[in-house]
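This is what each chain is made of:
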Amino acid sequence: MTVLESAILIGSFLMLILLGVPIAISLGVAALLTALHTGMDPVMIAQRVAASLQSFPLIAIPLFILAGAIMARGGVARRIVDFAYILVGPFPGGLAMVNCIDSMFFGGVSGSAVADISSTGPIMIPMMVEKGYDRAFATALTVASSTQGIIIPPSHNMVIYAMVAGGVSVGQLFLAGYLPGIMLGVFLAVTCYLLALKYNYPREKMPPFRKALRISIDGMLSLLAAVIIVGGIAFGIFTATEASAVAVFYAAFLGLCVYRELKLKDIWPIFLDSVKTTASVLLLIGCASAFGWMMTLLQVPTHVTGLFLSVTDNPLLLLLLINILLLLLGMIMDVAPLILIITPVLLPVVQAAGMSPITFGVLLMLNLGIGLTTPPVGAGLFVGCSVGKVSMEQCSKMMLYLWPAMLLVLLLVTYFPWFTTFIPSLFPVK
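No experiment lies behind these values; they were computed from the predicted model shown. (Residues numbered from 1 in each chain as written. Predicted model: local features only at pLDDT ≥ 70, side-chain atom pairs only at ≥ 80, totals over all residues. Heavy atoms only, no water.)

Q: Go over the overall build of the chain with me, naming the residues and quoting the values.
A: Assigned secondary structure in the chain consists of 21 helices and 0 strands. The globule rule puts the C-alpha radius of gyration for 430 residues at 22 Å, and the 22 Å found for the chain is close to it. Here the chain holds 430 residues, and the buried ones make up 57% of them. Long-range pairs, those at least 24 residues apart, make up 79% of the contacts in the chain between residues at least 6 apart in sequence. Entry remark: accessible area of the chain is about 17,900 Å², with carbon and sulfur atoms responsible for 71%. (Helix = DSSP H or I, 4+ residues; strand = E, 2+ residues; numbered from the N terminus. Rg over C-alpha atoms; globule rule 2.2 N^0.38 Å. Buried < 20%, exposed > 50% of the residue type's maximum accessible area, 1.4 Å probe, protein only. Contact = heavy atoms within 4.5 Å. Areas by Shrake-Rupley, 256 points an atom, 1.4 Å probe, with all protein chains shown as cover.)

Spelled out as structure tokens, the structure:
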């Protein structure tokens, strides 16, 4: 294997991306072209694609996607917003803080940033505008706070990372994401509080006791999904894959029987949307697995590790360089493809710097979560601007107020692994 084969693999992938070919197809074609050049039987590429999908933990991905879709349609989002209103509404800038806290809660039951924006954005953005907040700021805050969805479990992106990293416990990853995800929501809420003091944003009135109690009960019923999922995993009642099935049944129970906002006629469209999303994710996983296998054969991860270590052998500086690289890549690629492509390349580098695969998984999610909020192709930014009816330029300008809080959490997780290891150390999750 030579440098030429590596150039064919990476060069053909980048060329196909520039030509507008979908990422999954670009990955598969690049791997196939490289295999043909080396004289390898192309059937081996197809075998790698098929083998990568024959994994029991992958069952969690379609089920968590389905659970999130049911919750988004079944009235969970509105009740979480109302519950967050009870908790932080009376503070200065309370409605902005509600936007942060409801995303923390909704991320804990949906596991998706885009689902968060699509579900809570149409509720929160008009409410904030009505109370005098700038529309672009309300949209930017919705986008920024939604990134908690890929960090706080259940996150199907963490399942993808665990599969690619090999031997990493999904349960441990889920527990490791809790504290950084909560920190992100709290830091954004503190930012909103400081901005409220500066710009005199209003407080919100607490509703009457009876109404507040009812809202709290409904909100806690929604949040019970996260407690059941992560609590069941932490105490060994069920695995992460089994938890995804529990999440689907509980979401359907809330929507159909408790809140009664989900109708039987809604089930089939929800299934169709979930199948489409799952198909695209699994195709991406299969093609990326073949691409990663070719990279391993060509020893690309080994060469990249050597390149980073040749720049500096200082672990602190090395981790800073990796964060910068991930932030730049997050600006031009979506979360799942980057996890699949970059994990086998950078995991050996961070392990050489003394970072555990669990901590790197959370670090990766934080970086790519920030990438969702950045131009030119941040998916969260696109969806948020569509929901909030503002331009990307307006929203990006307001993101300047929020990125410092997000970057601070990133640095804390990078240099203080305790934030990712403390909760997993309390539970014997395998």
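Q: How would you sum up the pattern of salt bridges? Please name residues and give values.
A: Tallied over the full model, the rule gives 3 salt bridges. The salt bridge involving Glu261 is made with Arg79; its shortest N-O contact spans 2.8 Å. With a gap of 182 residues between them, Glu261 in the loop between α12 (240-258) and α13 (264-297) and Arg79 in helix α5 (residues 76-88) connect regions that are remote in the sequence. A cluster of three or more residues bridged by salt bridges with shared partners is formed by Arg79, Arg214, Asp218 and Glu261. (Salt bridge = Lys/Arg side-chain N within 4 Å of Asp/Glu carboxyl O.)

Q: Could you give an account of the environment of Gly28, naming the residues involved and the relevant values?
A: One can find Gly28 in helix α2 (residues 23-37). Note on Gly28: relative accessible area 16%, which makes it buried. Expressed as a C-alpha distance, the spacing of Gly28 and Gly371, which sit 343 residues apart in the sequence, is 24 Å.

Q: Account for the packing of helix α8 (residues 135-146) against helix α18 (residues 379-388), with residues named and values stated.
A: As a packed pair, α8 and α18 sit with axes 9 Å apart at the nearest point and diverge in direction by 140°. Classed by the angle they form, the pair α8 and α18 counts as oblique. Every pair of crossing elements has a handedness; the one defined by α8 and α18 is right-handed. Here Arg135, Thr139 and Val143 of α8 lie close against α18, whose contacting residues are Gly380, Leu381, Gly384, Cys385 and Gly388. Classifying every residue of the contact of α8 with α18 gives 3 nonpolar, 4 polar and 1 charged. (Axes fitted to C-alpha atoms, helices over the stretch in contact; angles between N-to-C directions. Parallel < 35°, antiparallel > 145°, perpendicular 65-115°, else oblique. Left-handed = near helix turned anticlockwise from the far one by under 90°. Nonpolar A, V, L, I, M, F, W, Y, C, P; charged D, E, K, R; others polar.)

Q: How would you sum up the confidence of the model for the chain? Please name residues and give values.
A: Averaged over every residue, the pLDDT of the chain is 83; the share at 70 or more is 97%. Looking across the chain, the model is least confident in helix α6 (residues 94-110), with a mean pLDDT of 75, and most confident in helix α20 (residues 403-415), with 95. (pLDDT = per-residue confidence, 0-100.)

Q: Break down the nonpolar core for me, with residues and values.
A: Ranked by internal contacts, the top residues of the largest apolar core, which has 148 residues, are Met128, Phe137, Tyr161, Leu346 and Phe360. Looking at this core, the element that brings in the most residues is helix α10 (residues 170-199), giving 13 residues. Among residues more than four places away in sequence, those in contact with Phe137 are Ala96, Met128, Cys192, Leu195, Tyr201, Met398 and Leu402. (Core = buried A, V, L, I, M, F, W, Y, C linked by side-chain atoms within 4.5 Å.)

Q: Now, about the packing of α10 against helix α11 (residues 209-234): what can you tell me, with residues and values included?
A: Two numbers describe how α10 lies on α11: the axes approach to 9 Å, and their chain directions differ by 125°. Taken as axis vectors, α10 and α11 run oblique relative to one another. The crossing of α10 and α11 is left-handed. In this structure, α10 uses Gly171, Phe174, Leu175 and Tyr178 to contact α11, whose residues at the interface are Ala226, Val230, Ile233 and Ala234.

Q: Give me the lowdown on a nonpolar patch on the surface, citing residues and values where you can.
A: A contiguous nonpolar patch, built from Phe91, Ile182, Val186, Val190, Tyr193, Leu194 and Leu197 and spanning about 590 Å² of accessible area, is present on the exposed surface. Considering the arrangement of structural elements, one finds Leu194 in helix α10. (Patch = residues over 30% accessible without salt bridge, like charges linked within 9 Å, V, L, I, M, F, W, Y side chains within 5 Å.)

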